Amino acid sequence: MNAKTQKLPAPGGPTGAPESDGANSMWGGRFAAGPAEAMEQINASIGFDRRLYAQDIAGSKAHCAMLVHQRIISQEDGAAILGGLDAILKEIEAGSFVFKTSLEDIHMNVEARLAELIGDAAGRLHTARSRNDQVATDVRLWTRDAVDRLEASLRDLQAVLLDQAEAEADTVMPGYTHLQAAQPVTFGHHMLAYVEMLGRDRGRLQDCRRRMNESPLGAAALAGTSFDIDRDATAATLGFDRPMANSIDAVSDRDYALEFLAAGAIVALHLSRLAEEIVLWCSAGFRFVTLSDAFTTGSSIMPQKRNPDAAELIRGKAGRVIGALASLLIVMKGLPLSYGKDMQEDKEPLFDAADTLQLCVTAMTGMIADMKANRTALKAATAHGFLTATDLADWLVRVLGMPFRQAHHVTGSIVKLAEDRGCGLEQLPLSEMQAFEAGITEDIFSVLSVENAVASRLSSGGTAPERVREAVAAAKERFL
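Residues numbered from 1 in each chain as written. Predicted model: local features only at pLDDT ≥ 70, side-chain atom pairs only at ≥ 80, totals over all residues. Heavy atoms only, no water.

1. Focus: the environment of A311
Consideration 1: Residue position: A311 is located in helix 11 (residues 309-332).
Consideration 2: Taking C-alpha positions, A311 is 7.4 Å from M364, a pair spaced 53 residues apart along the chain.
Consideration 3: Non-local contacts of A311, meaning those with residues more than four positions away in its chain, are made with A275, I278, V279 and M367. (Helix = DSSP H or I, 4+ residues; strand = E, 2+ residues; numbered from the N terminus. Contact = heavy atoms within 4.5 Å.)

In structure tokens form, the structure reads like this:
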């Protein structure tokens, strides 16, 4: 059973106002009075951990079924508990459930409502578990679902990038290093670079999922339990591969959240790089692509403007995701084993990063599908920067047997001449090139056109159109 996160209604039922039931009585005889107002506010997590309601109820149902099977609680009490949990799930999804700040968190809110619905039997549900292993289980389930959603969305983004790569396999453009025109490539080849980056992102998420897919449930507070529980059964019910091997590690570990955030930070970085290129390509200095009204905005004062705001926002939101990783690393770095309330601070950065990534990937997928390559502008840009200079040097090596360093020097001299003349390499007279190297023949012009230069890049992973088409087909097999 894999708990799926659903959109949560506003707290406090239909009005959205959280409620408090006054003095905190959760701790029974140990405490005679309720907490101070400031303590209640800093201690409560229900304002954000209510998002875990589906996972919390799923974990409780698995735990209850196991307790019944192990004859730790009666079948009658188990049936009442399971029926009550189903009723609570319906209430939350209908928006009628009243969340109470005084009950601190999603676990106690659910348990208190269960007691209202079924009476004393509700108190048996917490047998052989603690909120420590309960929250660890809930957050793992939630993070696992977030990984699955993000990984599927990245696959969709790869699919639209592959569509662009296939459609633009022959479209020549400048390739850049240091943001300086370097060598001609195809637009399709450029798109494939991002397909590979996202493939690694998906691999990191898949690795993260494999490592996180162990169940903390049954570790109790930190030491395990004296009850004859079956941790393998609850792990299997919740879709985990196995129980976690050490009870202290089970309640104290947040590596899975850190690993998800680390993988997510790299996803955000990749999205930001692509977004930056889209911003550049949409600018007047490039005009390499156009976006429709669906992914651009105008100016409040300049009527001619079409701004690639979706790309700019994706670029900006990368900082939130990277910041979430830093935030949780700092929370965890000084904590002794096993559990500390500091770990309550894991959820807000985790939730925000997951939401942000999901939105950014969805927006980027829409932008790439919407994007139109301006083939005329892309081709025109290849006329600047002497993009075929390397091809000239390679010709000297291949045809004349010249050492590459010597060929590099000869080519640099020819490039300087063309630069002084204000023309392209292909526009220089043969005689003037021969002044630098007498062995140059008319055949040199066969490598100086951008199309020929691109077509000659037939090495594996190269930009030749036929290699791009092969790479698209191979990527579809690997990723889609």
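2. Concerning a nonpolar patch on the surface
Consideration 1: Side chains of L222, I248 and L337 sit close together on the surface and give an oily, nonpolar patch of about 270 Å² of accessible area.
Consideration 2: Mapped onto the secondary structure, L337 falls in the loop between helix 11 and helix 12 (347-370).
Consideration 3: Classification of L337 as exposed rests on a relative accessible area of 68%. (Patch = residues over 30% accessible without salt bridge, like charges linked within 9 Å, V, L, I, M, F, W, Y side chains within 5 Å. Areas by Shrake-Rupley, 256 points an atom, 1.4 Å probe, with all protein chains shown as cover. Salt bridge = Lys/Arg side-chain N within 4 Å of Asp/Glu carboxyl O. Buried < 20%, exposed > 50% of the residue type's maximum accessible area, 1.4 Å probe, protein only.)

3. Concerning the packing of helix 11 against helix 12
Consideration 1: Look at helix 11 against helix 12: their axes get within 9 Å of each other, and the N-to-C directions meet at 155 degrees. Compared by their axis directions, helix 11 and helix 12 come out roughly antiparallel. In the packing of helix 11 onto helix 12, the handedness of the crossing is left-handed. Of the residues in helix 12, those in contact with A310, A311, I314, K317, R320, V321, A324 and S327 of helix 11 are P349, D352, A353, T356, L357, C360, A363, M364 and M367.
Consideration 2: Residues belonging to the contact of helix 11 with helix 12 are distributed by class as follows: twelve nonpolar, two polar and three charged. (Axes fitted to C-alpha atoms, helices over the stretch in contact; angles between N-to-C directions. Parallel < 35°, antiparallel > 145°, perpendicular 65-115°, else oblique. Left-handed = near helix turned anticlockwise from the far one by under 90°. Nonpolar A, V, L, I, M, F, W, Y, C, P; charged D, E, K, R; others polar.)

4. Observations regarding the nonpolar core
Consideration 1: Residues L157, L161, F187, F260, I278, M364 and I368 are the most contacted members of the largest nonpolar core, which totals 96 residues.
Consideration 2: Sorting elements by how many residues they give to this core places helix 10 (residues 255-282) first, with 16 residues.
Consideration 3: Discounting residues that sit within four places of it in the chain, L157 has contacts with L198, L271, V361, M364, T365 and I368.
Consideration 4: In terms of nonpolar packing, the next biggest core, distinct from the first, is built from 21 residues, M402, A418, M433 and I440 among them. (Core = buried A, V, L, I, M, F, W, Y, C linked by side-chain atoms within 4.5 Å.)

5. Concerning helix 3 (residues 53-69)
Consideration 1: Helix length check: helix 3 (17 residues) gives 24 Å between terminal C-alpha atoms against 24 Å at 1.5 Å per residue, within 8%.
Consideration 2: With 14 of its 17 residues buried, helix 3 lies for the most part within the structure. (Expected span 1.5 Å × (residues − 1).)

6. Some words on the pairing of strand 1 (residues 172-177)
Consideration 1: Bridging between strand 1 and strand 2 (residues 180-186) involves six bridges; their strand directions are antiparallel. Residue pairing for strand 2: V172 is matched across the bridge by T186.
Consideration 2: Counted between consecutive antiparallel strands, the loop separating strand 1 from strand 2 contains two residues, among which H178 sits at a positive phi close to 55 degrees. (Pairing = 2+ DSSP bridges.)

7. Brief notes about the pattern of salt bridges
When the charged atoms of two side chains with opposite charge come close together, those side chains can pair.
Consideration 1: Under the counting rule described, the total for this entry stands at 30 salt bridges.
Consideration 2: Notably, a salt bridge pairs E151 with R202, separated by 2.7 Å at the nearest N-O pair. Residue E151 is located in helix 6 (residues 131-167), and its partner R202 is located in helix 7 (residues 187-212); the two are separated by 51 residues in the primary sequence. Note on accessibility: E151 and R202 belong to one class, buried.

8. A closer look at the side chain of Q158
Consideration 1: Examined against the element boundaries, Q158 turns out to sit in helix 6.
Consideration 2: Looking at Q158, the relative accessible area reads 0%, which means it is buried.
Consideration 3: For Q158, the side chain forms a polar contact with the main-chain oxygen of V195, separated by 3.0 Å.
Consideration 4: Apart from residues no more than four positions distant in its own chain, Q158 is found in contact with V195, L198, G199, R202, F479 and L480. (Polar contact = N/O pair within 3.5 Å; in protein donor to acceptor, adjacent residues only side chain to side chain.)

9. Topic: unusual backbone geometry
Consideration 1: With an omega of 10 degrees, the peptide bond running from L337 to S338 counts as cis.
Consideration 2: For S338, the position within the fold is in the loop between helix 11 and helix 12.
Consideration 3: Phi angles above zero are rare outside glycine, and R71 is one such case at about 60 degrees.
Consideration 4: Mapped onto the fold, R71 is located in the loop between helix 3 and helix 4 (75-94).
Consideration 5: Even without glycine at this site, L179 takes up a positive phi of about 60 degrees.
Consideration 6: With respect to the helices and strands, L179 occurs in the loop between strand 1 and strand 2.
Consideration 7: For L179, a relative accessible area of 54% gives the class exposed.

10. What to know about the packing of helix 6 against helix 7
Consideration 1: Where helix 6 contacts helix 7, the two axes come as close as 9 Å, and the packing angle between them is 165 degrees. Judged by the inter-axis angle, helix 6 sits roughly antiparallel to helix 7. In this structure, helix 6 meets helix 7 at a crossing whose hand is left-handed.

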